[in-house]
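Coordinate analysis (summary)
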Amino acid sequence: MEIKKYFDESGRYIMNTYGRYPVVLRKGRGMKVWSADGKEYLDFVGGVAVNILGHCHPRVVVAIQKQAQRLIHVSNYYYIEPQIKLAKLLVEHSFADKVFFCNSGAEANEAAIKLARKYAKENINSGSFEIITAQSSFHGRTLAALTATGQEKLQKGFEPLMPGFSHVPFSNIEALRKAVTKNTCAILLEPIQGEGGVRLPDENYFKEVRELCDQQNLLLILDEVQTGMGRTGKLFAYEHFGIFPDIMTIAKGLGGGVPIGAMLATDKVASAFQPGNHASTFGGNPLVCAAAVATVETLLEDGFILDQCNRMGQYFIERLEKLQEEFPNLIREIRGKGLLLGMELKKEGAPVVKACLEKGVLINCTAGNVLRFIPPLIIQRKDIDQLMDVLHEIFLKVW
Ligand SMILES: Cc1ncc(COP(=O)(O)O)c(C=O)c1O
């Protein structure tokens, strides 16, 4: 099909919810994707922090092919082999004892919110249902997750929002302490704010949050949808802080590209869910779980990919800082952990994203002026070097 026809038909048949770049992506391998008109791109977006093993990793492809021949979908009325295997893997490598599977990050957060409310009503006080979250946070687009999200611009037009959510500045323990009421049941936070502009907490923040939760009998829910699955150099970002949450949500990288989310909890908290309390038709189906098992096993195998993520993250930051030295009038700050990196500009980021696209590199901009780099964890130095050459050229020319 002629490329322009794709744009026309997309506009005609698909709801207008995304501002898209004029590229039709058709094929991917590792760090690279190719458009329908044959142009090659180096991908630092990775499906927005999803493709942790790169595009079409052979182990994930084979796992999907094999499972598709055996059994694609059955109901959760029955036991599902790859779902059990995946749950065991996640439990063995995290704080959690139990897993609930769903299909996306927003759904995982919905499940977490429901579990926290039910647990609190039954175990803390029957009137407790309020959840405190952070300003500039992002928890998804479904109604409760959107209400939890601390960004008014995303909520506008969808009022009335859900009752029971309040927002405080991120990484400010005093504000959090003050926001707790007798009806608070949980605190919901991203370990590092991704969509909000790659914002890291102060070093002791999460230790203090954990203490506050313990003192006040509150649940700590960590939204690791973006930070989980090795993105920050550890399997889960809470490992950096020396604390455990009570509930954690993951999605994005979990399935290596297939849509899957999960909500994990301790036995104590998970016991508030009984048959009939929560469900998902597709959640944890055989096909996506087989892909996720292959993804998680590959990620964990001898620690190689997590090492790579740490080493490349370090190198990436060094290169970005060099760029900052060269363009101090343009670049305000470099921040991030592992391969969740942000470069805050003193100007709008959109023109840089567009210029990168023209030069065959996919990057993303969040919070208006933060260039975000969330590539596959299998990235190599030469890929980072290529991006730096492109950014250097753009910064020289445009500014
Ligand atoms: C921290 C966080 N939570 C939740 C979500 C929502 O995930 P999904 O788009 O899979 O619903 C995202 C998506 O960007 C996210 O970054």
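Let us look at the structure shown here. From a predicted model like this one, the values you see are computed outputs, not experimental measurements.

Quick look at the packing of aromatic side chains now. The final tally for this structure, using the stated rule, is ten aromatic pairs. For the pair Phe44 and Phe316, a centre-to-centre distance of 5.9 Å together with 85 degrees between the ring planes defines the contact as edge-to-face. With a gap of 272 residues between them, Phe44 in the loop between strand S3 (40-43) and helix H2 (46-49) and Phe316 in helix H12 (residues 304-326) connect regions that are remote in the sequence. Here Phe44 matches Phe316 in class, with each residue buried. Considering the side-chain rings of Tyr238 and Phe244, the 5.9 Å spacing of their centres and the 80 degrees angle between planes classify their relative orientation as edge-to-face. Residue class for Tyr238 comes out buried when judged on its relative accessible area of 3%. Just above the ring of Trp34 sits the side chain of Lys27; from NZ or CZ to the centre is 5.1 Å. Here the basic side chain of Arg381 rests over the ring of Tyr315, its NZ or CZ set 4.0 Å away from the ring centre.

Close to the ligand lie 13 residues; Gly105, Ala106, Asp223, Gln226 and Lys252 are nearest. Notes on the ligand: free accessible area 390 Å², of which the protein chains cover 82%. The element best represented in the shell around the ligand is helix H5 (residues 105-123), accounting for three residues. Grouping the amino acids of the shell around the ligand by side-chain chemistry returns three nonpolar, six polar and four charged.

By the secondary structure assignment, Gly30 is in the loop between strand S1 (25-29) and strand S2 (32-35). Looking at Gly30, the relative accessible area reads 21%, which means it is partly exposed. Counting along the chain gives 25 residues from Gly30 to His55, while the straight-line C-alpha distance between them is 4.6 Å. Ignoring anything within four residues of it in the chain, the contact list for Gly30 reads Gly54, His55, Pro376 and Ile378.

Looking now at the state of the cysteines. The final tally for this structure, using the stated rule, is zero disulfides. Cys289 takes part in no disulfide bond, and the closest cysteine sulfur to it belongs to Cys102, at a distance of 11 Å. Residue Cys289 is classed as buried on the basis of its relative accessible area of 0%. In this structure Cys356 is not part of a disulfide, and its nearest cysteine sulfur, from Cys365, lies 11 Å away. Using a relative accessible area of 0% as the deciding quantity, one classes Cys356 as buried.

Turning our attention to the packing of helix H4 (residues 81-92) against helix H11 (residues 286-300). Two elements in contact, H4 and H11, have axes whose closest approach is 8 Å; the angle formed by their N-to-C orientations is 35 degrees. Seen along the crossing, H4 lies across H11 with a hand that is left-handed. Contact residues: H4 offers Pro82, Gln83, Lys85, Leu86 and Leu89, while H11 offers Pro286, Cys289, Ala290, Ala292, Val293, Val296, Glu297 and Leu300. For the contact of H4 with H11, a count of residues per class yields ten nonpolar, one polar and two charged.

Compared with an ideal rise of 1.5 Å per residue, which puts 13 residues at 18 Å, helix H3 (residues 58-70) spans 18 Å between its outermost C-alpha atoms and is within 8% of the ideal. For H3, every residue scored as buried is listed here: Val60, Ala63 and Gln67. When H3 is viewed along its axis, its buried side chains cluster within an angular range of 65 degrees and face the same direction. Structural note: H3 exposes Pro58, Lys66 and Gln69 on the side pointing more than 90 degrees away from its buried face. Where H3 is buried, its residues touch H4 and H11.

The rules behind these values
Residues numbered from 1 in each chain as written. Predicted model: local features only at pLDDT ≥ 70, side-chain atom pairs only at ≥ 80, totals over all residues. Heavy atoms only, no water. Phe/Tyr/Trp six-rings, centres within 6.5 Å; stacked < 30°, edge-to-face > 60°. Helix = DSSP H or I, 4+ residues; strand = E, 2+ residues; numbered from the N terminus. Buried < 20%, exposed > 50% of the residue type's maximum accessible area, 1.4 Å probe, protein only. Lys NZ or Arg CZ within 6 Å of the ring centre and 35° of its normal. Near = heavy atom within 4 Å. Areas by Shrake-Rupley, 256 points an atom, 1.4 Å probe, with all protein chains shown as cover. Nonpolar A, V, L, I, M, F, W, Y, C, P; charged D, E, K, R; others polar. Contact = heavy atoms within 4.5 Å. Disulfide = S-S within 2.5 Å. Axes fitted to C-alpha atoms, helices over the stretch in contact; angles between N-to-C directions. Left-handed = near helix turned anticlockwise from the far one by under 90°. Expected span 1.5 Å × (residues − 1). Arc of directions from axis to C-beta.

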